[in-house]
Amino acid sequence: MIRLLALILWGAGATLAAAQDVEPPTPVEVWEAERTTIFDAAALTLEDFMWRARPVVVFADNPNDPRYQQQLELLAERPDDLADRDVIVIVDTDPSAASALRTRLRPRGFMLVIMGKDGQVELRKPAPWSAREISRSIDKMPLRQQEVETRRLDR
């Protein structure tokens with residue numbers, strides 16, 4: 001009986017140790033698994049997504065900003081359109097945290113920033129934009145046009 005109990009406890013300990021060795025998924029892994037996930041700017045770096053995703057960054061000085069809330073609602077209306085264009089949505093509503101993105105892009109109040117896969121700013125908007133408007137803007141980018149053409153030829 002004692003040996004059985006010891007074996008059970010040993011197995012439970014090994015299972016617990018194995019579970020603790022499991023690394024949490026990286027932001028890239030989370031995004032690749034579910035492309036409609038919205039990320040906090042403090043939780044990632046743009047370099048991780050270089051040439052993989054087009055960052056769409058939503059800044060506000062407070063999560064209760066009506067423009068911020070409206071922007072999230074507009075993005076939620078057509079998340080698949082953005083996912084098809086390899087968009088990662090990043091939000092930053094804490095100016096005091098001074099995230100790397102906030103330091104680099106220096107927003108004042110609400111700001112929407114659309115970036116290319118190369119990490120360059122393509123467009124800054126001081127007002128909310130619909131997913132459709134964002135998609136149209138992305139579709140005009142040379143790299144996106146090249147992706148569409150490549151996809152068309154592969155069929």
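For the structure itself, consult the block above.
Residues numbered from 1 in each chain as written. Predicted model: local features only at pLDDT ≥ 70, side-chain atom pairs only at ≥ 80, totals over all residues. Heavy atoms only, no water.

**Brief notes about the pairing of strand S2 (residues 54-59)**
- Among the 6 residues of S2, 6 are classified as buried, and the element is accordingly described as predominantly covered.
- Residue alternation in S2 divides its side chains into two sets, Arg 54, Val 56 and Val 58 and Pro 55, Val 57 and Phe 59, and both sets are buried.
- Bridge analysis of S2 against strand S3 (residues 87-92) gives 6 bridges, and the strand direction is parallel. Counterpart to Val 57 in the pairing with S3 is Ile 90.
- Here S2 pairs with strand S4 (residues 111-115) via 4 bridges, running antiparallel. Looking at S4, one finds that Phe 59 is bridged to Met 111. (Buried < 20%, exposed > 50% of the residue type's maximum accessible area, 1.4 Å probe, protein only. Helix = DSSP H or I, 4+ residues; strand = E, 2+ residues; numbered from the N terminus. Pairing = 2+ DSSP bridges.)

**Structural notes on helix H6 (residues 131-139)**
- Looking at H6, one finds that the buried residues are Ala 131, Ile 134, Ser 135, Ser 137 and Ile 138. All buried residues of H6 lie within an arc of 160° about the axis, which places them on one face of the element. (Arc of directions from axis to C-beta.)

**Some words on the pattern of salt bridges**
- On inspection of all chains with the given rule, the structure shows 13 salt bridges.
- With a shortest N-O distance of 3.2 Å, Arg 144 and Asp 139 are connected by a salt bridge.
- For Asp 139, a relative accessible area of 27% corresponds to the partly exposed category.
- Glu 149 is paired through a salt bridge with Arg 152; the nearest N and O atoms lie 2.5 Å apart. Of this pair, Glu 149 and Arg 152 both sit in helix H7 (residues 142-154), 3 residues apart, which is roughly one turn of the helix.
- Ionic contacts of the salt-bridge type, sharing partners, join the residues Arg 35, Arg 54, Arg 85, Asp 86, Lys 117, Asp 139, Arg 144 and Glu 147 into one network. (Salt bridge = Lys/Arg side-chain N within 4 Å of Asp/Glu carboxyl O.)

**Quick look at a positive patch on the surface**
- Among the surface-exposed residues, Arg 104, Arg 106, Arg 108 and Arg 124 lie close enough to one another that they form a single positively charged patch.
- Assignment of secondary structure puts Arg 106 in the loop between helix H5 (100-105) and S4.
- Given a relative accessible area of 67%, Arg 106 falls into the exposed group. (Patch = residues over 30% accessible without salt bridge, like charges linked within 9 Å, V, L, I, M, F, W, Y side chains within 5 Å. Areas by Shrake-Rupley, 256 points an atom, 1.4 Å probe, with all protein chains shown as cover. Lys, Arg positive; Asp, Glu negative; His and termini not counted. Charge placed at Lys NZ, Arg CZ, Asp CG, Glu CD.)

**What to know about the sheet that holds S3**
- Taking strand neighbours across the sheet as the criterion, the 5 strands line up as S1-S3-S2-S4-S5 in an open arrangement whose pairing is mixed. The open sheet terminates on both sides in strands that have one partner only, identified here as strand S1 (38-40) and strand S5 (121-125). Adjacent strand axes in the sheet meet at a mean angle of 20° when their direction is disregarded.
- Lying over the sheet, H6 contacts S2, S3, S4 and S5, oriented at roughly 35° with respect to S4. (Axes fitted to C-alpha atoms, helices over the stretch in contact; angles between N-to-C directions. Contact = heavy atoms within 4.5 Å.)

These figures come from the coordinates and say nothing about function on their own.
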